Amino acid sequence: MVAMLHAATAGVVVPAASRSRGVARRTSVSRGVPDANVKCHGARLGHGGTGLGPRHVCGGARGRVGFGARGGDRVAAVNGAGGALEARRSREPKRTRGVRADAAAADAGSSDSGIVKPKVSMGKLQLRIASGVTLAMAGLGAIIFGGWIWAIVMSLTATLSAREYFQMIETMPSELPHPPPKWALDMSIVMCALFIPVVYLAGAKQGHITMAVLGAFAAVGLRLIQVESEPHFSKFTSTLFGIIYCGALPAFWVKLRMLNFSAASTAIYQSLQSSRSAFVNSWPSALGGPEAWTTGLIVTVICVACIIASDVGAYAFGKTFGKHRLIAVSPNKTVEGALGGLTCTMATAYGLRWLLGWHAGPVQTLVLGAVIFVAAVAGDLMESVMKRNAGMKDSGDIIPGHGGFLDRFDSYMFTGIAAYFYVVTVMPHWFLGMML
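Scoring rules and cut-offs
- Residues numbered from 1 in each chain as written.
- Predicted model: local features only at pLDDT ≥ 70, side-chain atom pairs only at ≥ 80, totals over all residues.
- Heavy atoms only, no water.
- Helix = DSSP H or I, 4+ residues; strand = E, 2+ residues; numbered from the N terminus.
- Buried < 20%, exposed > 50% of the residue type's maximum accessible area, 1.4 Å probe, protein only.
- Contact = heavy atoms within 4.5 Å.
- Phe/Tyr/Trp six-rings, centres within 6.5 Å; stacked < 30°, edge-to-face > 60°.
- Lys NZ or Arg CZ within 6 Å of the ring centre and 35° of its normal.
- Axes fitted to C-alpha atoms, helices over the stretch in contact; angles between N-to-C directions.
- Parallel < 35°, antiparallel > 145°, perpendicular 65-115°, else oblique.
- Left-handed = near helix turned anticlockwise from the far one by under 90°.
- Nonpolar A, V, L, I, M, F, W, Y, C, P; charged D, E, K, R; others polar.
- Expected span 1.5 Å × (residues − 1).
- Bend = angle between axes of the 7 residues up to and from the residue.
- Core = buried A, V, L, I, M, F, W, Y, C linked by side-chain atoms within 4.5 Å.
- Pairing = 2+ DSSP bridges.
- Salt bridge = Lys/Arg side-chain N within 4 Å of Asp/Glu carboxyl O.
- Patch = residues over 30% accessible without salt bridge, like charges linked within 9 Å, V, L, I, M, F, W, Y side chains within 5 Å.
- Areas by Shrake-Rupley, 256 points an atom, 1.4 Å probe, with all protein chains shown as cover.
- Disulfide = S-S within 2.5 Å.

**Q** Pulling in residues and values, what's your account of the overall build of the chain?
**A** Helix and strand content of the chain: 13 helices and eight strands. In the chain, buried positions account for 40% of the 436 residues. Restricting to contacts in the chain with at least 6 residues of sequence separation, those with at least 24 account for 70%.

**Q** Break down the packing of aromatic side chains for me, with residues and values.
**A** Applying the stated rule across the entire model yields 16 aromatic pairs. Their ring planes at 80 degrees and their centres at 5.3 Å tell us that Y420 and F421 sit as a pair that is edge-to-face. A residue is classified by how much of its surface remains accessible, and Y420, at 4% relative accessible area, is buried. Residue class for F421 comes out partly exposed when judged on its relative accessible area of 26%. Counting every residue linked through ring pairs, the aromatic cluster contains Y165, F166, F241, Y245 and F414. The side chain of R223 reaches across the aromatic face of W183, ending 5.9 Å from its centre.

**Q** Please provide a residue-by-residue account of the packing of helix α4 (residues 182-201) against helix α5 (residues 206-227), values included.
**A** Running from N to C, α4 and α5 cross one another at 160 degrees; their axes reach a closest spacing of 10 Å. Between α4 and α5, the interaxial angle falls into the category roughly antiparallel. Our pair here, α4 against α5, has a crossing hand that is right-handed. Contact with α4, carried on its side by W183, A184, M187, S188, M191, F195 and V199, involves H208, I209, A212, V213, A216, A219, V220, R223, L224 and V227 of α5 and no other residues of that element. Looking at the contact of α4 with α5, its residues break down into 14 nonpolar, two polar and one charged.

**Q** Kindly report on α4, identifying the contributing residues and their values.
**A** If you check α4, its first and last C-alpha atoms are 30 Å apart, about what 20 residues at 1.5 Å a residue would give, namely 28 Å. L194 marks where α4 bends most, by close to 30 degrees; the proline P197 follows one to four residues later. Of the residues flanking the end of α4, it is G203, one or two places downstream, whose phi is positive at about 100 degrees.

**Q** Which residues make up the nonpolar core, and what are the values?
**A** Membership of the largest hydrophobic core comes to 53 residues, with the highest contact counts inside it found for F195, W253, L256, W293, I302 and W358. In terms of residue count, helix α9 (residues 295-321) provides more of this core than any other element does, nine residues in total. Look past the residues within four positions of F195 in its chain and what remains in contact with it is I209, A212, V213, G247, A248 and A251. Residues Y165, F166, M168 and L406 belong to the second largest nonpolar core, which totals 17 residues.

**Q** Before we move on, could you go through the pairing of strand β7 (residues 330-334) and cite the residues and values that matter?
**A** Note that strand β6 (residues 325-327) and β7 share two bridges and pair antiparallel. Its bridge partner being in β7, R325 is matched across the sheet by T334. In this structure, the hairpin formed by β6 and β7 is closed by a connection of two residues.

**Q** Describe in detail the pattern of salt bridges, supporting the description with residues and values.
**A** Throughout the structure, instances matching the rule amount to six salt bridges. Its salt-bridge partner being E228, residue K235 comes within 2.7 Å of it at the nearest N-O pair. The buried category is assigned to K235, whose relative accessible area is 8%. Using a relative accessible area of 18% as the deciding quantity, one classes E228 as buried. One salt bridge connects D407 with K387, and the closest N-O pair in it is separated by 3.0 Å. Of the two residues, D407 is situated in helix α12 (residues 405-409) and K387 in helix α11 (residues 362-390); the sequence distance between them amounts to 20 residues. Exposure class is identical for D407 and K387. Each is buried.

**Q** Now, about the side chain of S234: what can you tell me, with residues and values included?
**A** Inspection of the secondary structure assignment puts S234 in helix α6 (residues 233-257). On the accessibility criterion, S234 (16% relative accessible area) is buried.

**Q** Before we move on, could you go through the packing of α11 against helix α13 (residues 415-426) and cite the residues and values that matter?
**A** A pair of packed helices is captured by two measures, namely the crossing angle of their axes and the spacing between those axes. Running from N to C, α11 and α13 point in directions that differ by 155 degrees, and their axes come no closer than 9 Å. Our classification of the angle between α11 and α13 gives roughly antiparallel. Judged by the twist between their axes, the crossing of α11 over α13 is right-handed. Here Q364, V367, L368, V371, I372, A375 and A376 of α11 lie close against α13, whose contacting residues are T415, A418, A419 and Y422. Across the contact of α11 with α13, the residue classes tally to nine nonpolar, two polar and no charged.

**Q** I'd love a proper account of the side chain of R353, names of residues and values included.
**A** For R353, the location among the structural elements is in helix α10 (residues 335-356). Not counting residues within four places of it along the chain, the set of residues in contact with R353 comprises W358, A360, G361, P362 and T365.

**Q** Could you give an account of a nonpolar patch on the surface, naming the residues involved and the relevant values?
**A** A cluster of nonpolar residues, L125, I129, V133 and M137, forms a patch on the protein surface that exposes about 360 Å² of accessible area. With respect to the element layout, M137 can be found in helix α2 (residues 122-145).

**Q** Residue-level account of the state of the cysteines, with values.
**A** Within this structure, the stated rule accounts for zero disulfides. Not part of a disulfide, C303 finds its nearest cysteine sulfur in C306, a span of 6.9 Å.

**Q** Just give me the short version of the environment of Y412, but keep the residues and values in it.
**A** Relative to the helices and strands, Y412 resides in the loop between α12 and α13. Measuring from C-alpha to C-alpha, the distance between Y412 and I307 comes to 7.5 Å, with 105 residues separating the pair along the chain. In this view, Y412 contacts W253, V304, I307 and I308; residues no more than four positions away in its chain are not counted.

Structural data, given as structure tokens:
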């Protein structure tokens with residue numbers, strides 16, 4: 001039985017009324033003088049077990065009453081047969097308060113330095129690499145073949161992205177207290193799936209993309225007005241953003257791949273034999289020969305390679321040198337990692353310019369690398385905001401080791417449109433005869 005008695009003055013201990021079974025007599029144990037700085041808020045008397053005397057616990061004290069300078073607990077153990085007294089030191093109890101203090105200090109240190117470095121197990125890292133390499137090989141094959149194969153791949157990308165996006169907006173009660181109904185979400189996903197095939201059949205012109213966005217939104221919006229008794233504005237805005245984010249933006253990857261040289265530009269290109277690349281010249285005729293490397297194929301390959309280089313460079317530099325947080329929305333990103341990612345992106349763009357014999361100037365190529373990096377980071381941060389509002393760590397679990405589809409392809413969302421308009425609008429005089 002344990003009795004709790006509060007003493008009026010510090011250090012006063014009242015013995016328990018009952019004794020543990022098996023104790024013949026109580027032997028008084030002299031206690032040292034308590035520290036003057038010790039404040040005892042109460043005395044706990046109890047029998048820790050058979051043959052154990054009372055134990056005095058003082059909370060929040062610098063040292064324990066009657067204990068040595070090191071503050072360890074001493075338990076008086078009485079031998080019932082001979083009455084011999086021995087003092088032994090008990091194991092140091094777990095100090096949860098100290099653990100919490102250490103954790104708080106660690107958090108404060110992380111906050112001061114601005115770094116949050118997640119630990120990734122080796123098994124998960126290997127799975128992540130394996131799935132990443134598989135996706136990279138499949139994507140590279142689709143890019144090289146182009147045409148309908150590339151359009152189907154991007155249509156699948158739009159479908160999976162729309163599925164995860166509309167699942168996330170259902171779990172944003174504070175930002176979207178009135179999300180679109182389930183039928184509207186499913187209808188929007190179907191619109192995003194059909195978006196790219198329709199645009200590709202129409203020739204992937206910019207006006208066709210605009211008309212497809214307006215048509216898809218009009219279909220869902222009019223249906224919302226007809227069915228909903230009390231439609232809310234947030235239902236329309238979240239639907240429109242989803243159609244643009246998951247439908248229109250991936251369509252620009254199809255437009256980028258379809259960029260080609262005109263006949264006049266091809267003649268100029270053939271005359272510049274000194275700038276041709278040995279890699280392009282040796283390209284097998286079964287895959288289209290050297291003529292297969294059009295502007296669209298070159299720029300698309302550069303974009304994908306630069307995004308991969310951005311992720312790898314940012315991770316490596318951030319892991320090694322990261323000390324300053326880049327932005328509060330994504331605490332894992334550091335300024336050092338961003339600089340490393342930018343450097344690797346620009347270096348990759350410049351290296352592929354030389355490998356593929358692209359006729360872009362050195363400055364234009366480096367600027368293209370910087371544009372790709374900024375667009376990739378913007379796409380990553382956009383998805384981070386959505387996951388933060390939805391209270392989700394990953395947007396899904398479809399890709400082993402990576403999580404959801406958007407977790408892997410968020411950096412690609414704004415990159416296609418950014419690269420397309422950079423090549424088409426910023427460098428029109430440099431690429432003579434380019435078909436826009």
